[in-house]
Amino acid sequence: MDPKKRSNDKASQQMLKHADEAGLETAWDRFEQQEPQCGFGKLGVCCRICTMGPCRIDPFGQGPQFGVCGATADTIAARNLVRMIAGGAAAHSDHGRDVAHTFKMAVESDSCDYVIKDELKLREVAARYGIKIEGRDTKEIASDLSDVVMAEFGKQEGTLVSAAAYPPPARQKVWQEFGVTPRSIDREIVEIMHRTHVGVGSDYKNLMKQGIRASLSDGWGGSLIATELSDILFGSPWPIRFSANLGALDAKQVNIVVHGHEPTLSDIILAVSQEPELTKMAEDRGARGINIIGMCCTANEILMRHGIPVAGNFLQQELAVMTGVVEVMLVDVQCIMPALGSLSGCFHTKLITTSPKCKIAGAEHIEFHEDRAVEIAREIIKIAIENFANRKGKAKIPKVTERGIAGFTTENIFYHLGGRFRASYRPLNDNIINGRVRGAAGVVGCNNPKQVHDYGHLTMIKELIKNDVLVVSTGCSAIAAAKAGLMRPEAAAKYCGKGLAEVCETVGIPPVLHVGSCVDNSRILTVAANIVAEGGLGEDISDLPVAGAAPEWMSEKAVSIAMYFVASGVYTVIAEPLPVLGSPNLTRYLTDEIEKDIGGKWAFERDPLKAAHMMIEHIESKRDALGINVEKERKLYDMEDRRALALD
Ligand code: SF4
Ligand code: MSK
């Protein structure tokens, strides 16, 4: 086993070597054990929706071409795909619902452990949702906002308020004409499950239409609510320094790794860990302090707001436990490997689940209730402190960390690009128009052992910034970029083309902007909407010189994200193809014909360098269409001009 063939990340390579020597199994080993993976599954042509099946379609045309019910490869692949979108949209939107419940509690209760931290954002968001602001106090506005966002999940009539409040009017028109304006968040997900039930829809394009609508209810609905309310409740992020990688674990401190997605628990854990009584307790047990450190998107949530270090991205969760210094791995929901249950049993690490939605064999369950947040946080931290004495063997922490800056948002990006006195998107638009910045790319998503860990993210991002494309990033992709030093402002001089380097150095930003967790992909949508609103780059997001990518994606959430990028008019390249290749019709639709319907399209490309150039080509084609690729001649004044000037 050559660790370099598994991961591009030095800390992970060291831990993989250690795992191999210690006989510890990782996701990479289990992936190899799964090979060869099922070809029918990969191509999307197996169906087990009813018990007349499971059925499969022979992709070579030699065997059966119809399921027992008569379903074709087109129907089966489309049904499978839109069910993936339902899974992803449900995960994001249920996260949004949980934040909305916490928000409601904070608004209604005077003794709640959560309070509104960003009143300015509350007012901005409330105004977007059509709530009266003038002459009203915070509580009244917050209470109305709580009611309106709660109603978005289950409304029975009309369409999402946010779908009319945030996207450019031209985009809303595209959705109306194509018939995919999201009506409510839960309804679109439920309708996918209905439409894909045996004996309902079989027209693959009509099935996809519902997939599109559900993804939009995620990006411009559930995820957007999660982002906006988290900013109001936990404070809007602001550029902040942080350190990244397994080297941020500290052998001398009590290490609590917070892993999963929702900020509700991790934010309070962080606050409580600073209580003097707990710090003293840790010191009394021989530790120098309490180190709260993040993993995956929980990391992104708290590093964006508090600069808390991040231990790693998705494929590093097992490696963190293997360092032997994690007292508690505290998880909520999403992207938590079941393997952590048995792995933590080999170490002193206590795996603690906190959500009734996510219990894991081998884990201790301490249910988190927002109305007793501080009390539960104290209990968990005390367990970690008591566990400090139980470490076994020598700590194996790789001495690898990087520094970076995170905390960019839709609201503060323009502040940085515009400077204190010109806080608007104008400078960004102008720099795109004058060609210093060719365009922007959202590079997001997971890790996947099918690709060398982090290699896809880094190769793609470096190629984009080398070609003057500004990158905004979220999720595990952002963590990969941070670990590689791409979120340091100095990275601009080292990796960027001349134009982008000049812009980044002038305003002091890194060329890769960390905009948050998976649900915060909604920030990328609202940034795009702001660029359109600023003017000069077309009327719709589909006019912009932008592209999206998920170079190491694996989750259903990534499918929903990429689908709402595409449905918002963005060309989006993913590495591992969608499981649709067994249906040439559906593949053609998604990678070509869909553009006529919705303005964006998918592309599949495993080579990150090639994928980056596909994105650059697309960005240049949009610049051509906007007429901004014309080299402006620099006219020097001759004597005749000077005379004319003098006459004036
Ligand atoms: Fe087979 Fe049709 Fe049932 Fe799917 S829904 S398992 S294709 S019979
Ligand atoms: S955590 S969905 S592995 S980005 Fe949001 Fe990372 Fe993907 Fe999970």
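Thresholds, definitions, all that
- Residues numbered from 1 in each chain as written.
- Chains lettered and ligands numbered in written order.
- Predicted model: local features only at pLDDT ≥ 70, side-chain atom pairs only at ≥ 80, totals over all residues.
- Heavy atoms only, no water.
- Core = buried A, V, L, I, M, F, W, Y, C linked by side-chain atoms within 4.5 Å.
- Buried < 20%, exposed > 50% of the residue type's maximum accessible area, 1.4 Å probe, protein only.
- Contact = heavy atoms within 4.5 Å.
- Near = heavy atom within 4 Å.
- Domains from an automatic or database assignment.
- Nonpolar A, V, L, I, M, F, W, Y, C, P; charged D, E, K, R; others polar.
- Pairing = 2+ DSSP bridges.
- Helix = DSSP H or I, 4+ residues; strand = E, 2+ residues; numbered from the N terminus.
- Right-handed = clockwise from strand over helix to strand, strands pointing away.
- Disulfide = S-S within 2.5 Å.
- Phe/Tyr/Trp six-rings, centres within 6.5 Å; stacked < 30°, edge-to-face > 60°.
- Lys NZ or Arg CZ within 6 Å of the ring centre and 35° of its normal.
- Salt bridge = Lys/Arg side-chain N within 4 Å of Asp/Glu carboxyl O.

(A) The arrangement of the nonpolar core in detail. In terms of nonpolar packing, the biggest core is built from 169 residues, with Leu145, Ile256, Leu464, Leu578, Leu590 and Trp602 touching the most fellow members. Apart from residues lying up to four places away in sequence, Leu590 is in contact with Leu81, Met208, Leu578, Val580, Lys601 and Trp602. Counting residues in hydrophobic clusters, the runner-up holds 37 residues, among them Met15, Ala27, Ala320 and Leu351.

(B) Representation of the site of ligand 2 in the model. In the vicinity of ligand 2, the residues found are His261, Cys296, Cys297, Phe314, Cys335, Gly445, Cys446, Cys476, Cys518, Met554, Ser555 and Lys557. If you count residues domain by domain, the shell around ligand 2 takes at least three from each of domain 3 (246–390) and domain 4 (417–626).

(C) Highlighting the site of ligand 1. If you check the shell around ligand 1, you find Cys47, Ile49, Cys50, Met52, Gly53, Cys55, Gly67, Val68, Cys69, Ala71, Arg79 and Val198 and nothing else. Of the residues in the shell around ligand 1, the class split is 9 nonpolar, 2 polar and 1 charged.

(D) The pairing of strand S8 (residues 350–353), seen in detail. For strand S7 (residues 326–331) and S8, the ladder comprises 4 bridges, and the chain directions are parallel. Residue pairing in the sheet places Val328 in a bridge with Lys350 of S8. Handedness of the crossover joining S7 and S8 through helix H16 (residues 339–345): right-handed. For S8 and strand S9 (residues 364–365), the ladder comprises 2 bridges, and the chain directions are parallel. Paired with Ile352 across the strands is Glu364, a residue of S9.

(E) Expanded view of the state of the cysteines. Considering all chains together, one arrives at 0 disulfides under this definition. In this model Cys46 remains outside any disulfide bridge; the closest cysteine sulfur is found in Cys38, 5.6 Å from its own. Look at Cys46 and you get partly exposed, because its relative accessible area is 32%.

(F) Seen up close, the packing of aromatic side chains. The tally for this structure, following the rule as stated, stands at 4 aromatic pairs. Positioned above the aromatic ring of Tyr166, the side-chain terminus of Arg128 is 4.7 Å from the ring centre. Residue placement shows Lys209 over the ring face of Phe178; its charged tip is 4.7 Å from the ring centre.

(G) Looking closely at the pattern of salt bridges. Taken as a whole and judged by the stated rule, the model has 48 salt bridges. A salt bridge links Glu191 to Arg195; its shortest N-O distance comes to 2.9 Å. Residue Glu191 and its partner Arg195 are located together in helix H10 (residues 185–195), separated by 4 residues, close to a single helical turn. Classification of Glu191 as buried rests on a relative accessible area of 17%. The shortest N-O distance in the salt bridge between Glu463 and Lys466 comes to 3.7 Å. One end of the pair, Glu463, and the other, Lys466, are both in helix H20 (residues 455–466), 3 residues apart, so they sit about a helical turn from each other. Taken together, the shared-partner salt bridges connect Lys121, Glu228, Asp231, Glu301, Arg305, Glu411, Asp520 and Arg523 into one network.

Just distances and angles here, no functional claims.
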